[in-house]
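Here are the chains, one letter per residue:
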Amino acid sequence: MMAKKISGVITAMITPRAEDGPVDDEAVKRLVDYLVDSGVDAIFPTGSAGEGPILSLEEKKQVIESVVEAVDGRVPVLPGIACTTTKDTVDLGRFCDDLGVDAVVVVTPWYYALSDDALLSHYSTIARELESPIIAYKIPQCAVNDISLDLLDKLSKLEGIAGVKDSSGNIEWLSRAIMMHGETLSFYGGDDRLILPCLSVGASGHVSGSSNCFPEEVVGVYRSFVKGDLDGARRWQQRLLRLVSLFPRGKENSAIREILRYRGIETGEPLPPMGILSEEERETIRSTLRRLESGA
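Residues numbered from 1 in each chain as written. Predicted model: local features only at pLDDT ≥ 70, side-chain atom pairs only at ≥ 80, totals over all residues. Heavy atoms only, no water.

Details of a negative patch on the surface
Residues Asp 25, Glu 26, Glu 65, Glu 69 and Asp 72 make up a contiguous surface patch of negative charge. Listing elements by their share of the negative patch, those giving two or more residues are helix H1 (25-37) and helix H2 (57-71). Looking at the element boundaries, Asp 72 is found in the loop between H2 and helix H3 (86-99). (Patch = residues over 30% accessible without salt bridge, like charges linked within 9 Å, V, L, I, M, F, W, Y side chains within 5 Å. Areas by Shrake-Rupley, 256 points an atom, 1.4 Å probe, with all protein chains shown as cover. Salt bridge = Lys/Arg side-chain N within 4 Å of Asp/Glu carboxyl O. Lys, Arg positive; Asp, Glu negative; His and termini not counted. Charge placed at Lys NZ, Arg CZ, Asp CG, Glu CD. Helix = DSSP H or I, 4+ residues; strand = E, 2+ residues; numbered from the N terminus.)

This is the structure:
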């Protein structure tokens, strides 16, 4: 189990980079400070929003180390450590163990369709080899492989498995999983359109990509919910729904960066082959933000 209970808003942090591509440590510090000052409860680097699947092992290590240094113990850090092989995932996890992270997040292996037995073996090996608590990550629409309720039942019996991040958008699955294992595992939603529904069925918090650039709204949903202000939580969720509609499909990462740029935080652009906004799309985002700020 986790040494400290991790709950609330967990920002799936983008990877700030310099114009020529490498990780920009100074920009990492500026973004981390902005997020912590905005009230997020934890930072999740090198996940989907952080381009984890397309970063090399060495790049992932650089990002994680930079984030841990920038956070400096203010909030928990939960790096994504999933690699294309079990061995590399373990190697990266050991690196994170040495940094003293609070947990690691491991998405199911991607591309090759695997049996539940193979997935269980993958997670069992990682759990056996690492000291850090492990949050399994369910996102079948991207990773191909899913975490079934049967597999979850087996994972729950492994020492070192502490929770599940569910980005599937399947509220019924999340409800059943929490009903079955909510006493022993922590559960986190991962679809920003469904923060309030995930919390309402018992999630401990939410892993949010849009909280990079809209932390007030995401924090507002969570804080209102835990205070029992459901009307307030609904208003924040509805506002967030309108804001994330600014993200063109396939260019969400670039849109987050453009909104941060508008707010004075330069983070560069995502790595190819990820989509980059056109100038017309950038102006649409900027003009919409100006209109919202003016109250129009």
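Once you've had a look at it, read on.
Here we look at the sheet that holds strand S3 (residues 104-107)
Read across the open sheet, the seven strands follow the order S2-S1-S7-S6-S5-S4-S3; overall the sheet is parallel. On the outer flanks of this sheet lie strand S2 (42-44) and S3, each paired with one strand and no other. The average angle at which neighbouring strand axes cross in this sheet is 30°, direction not considered. Relative to strand S7 (residues 205-208), strand S1 (residues 8-12) runs parallel, the two being bridged by four bridges. Within S7, the residue paired with Val 9 across the bridge is His 206. (Pairing = 2+ DSSP bridges. Axes fitted to C-alpha atoms, helices over the stretch in contact; angles between N-to-C directions.)

Let's talk about H2
In a regular helix each residue adds 1.5 Å, so 15 residues correspond to 21 Å; H2 covers 21 Å between its end C-alpha atoms and thus fits that length. Looking at H2, one finds that the buried residues are Lys 60, Lys 61, Val 63, Ile 64, Ser 66, Val 67, Val 68, Ala 70 and Val 71. In the stretch just after H2, Asp 72 is the one whose phi turns positive, near 55°. (Expected span 1.5 Å × (residues − 1). Buried < 20%, exposed > 50% of the residue type's maximum accessible area, 1.4 Å probe, protein only.)

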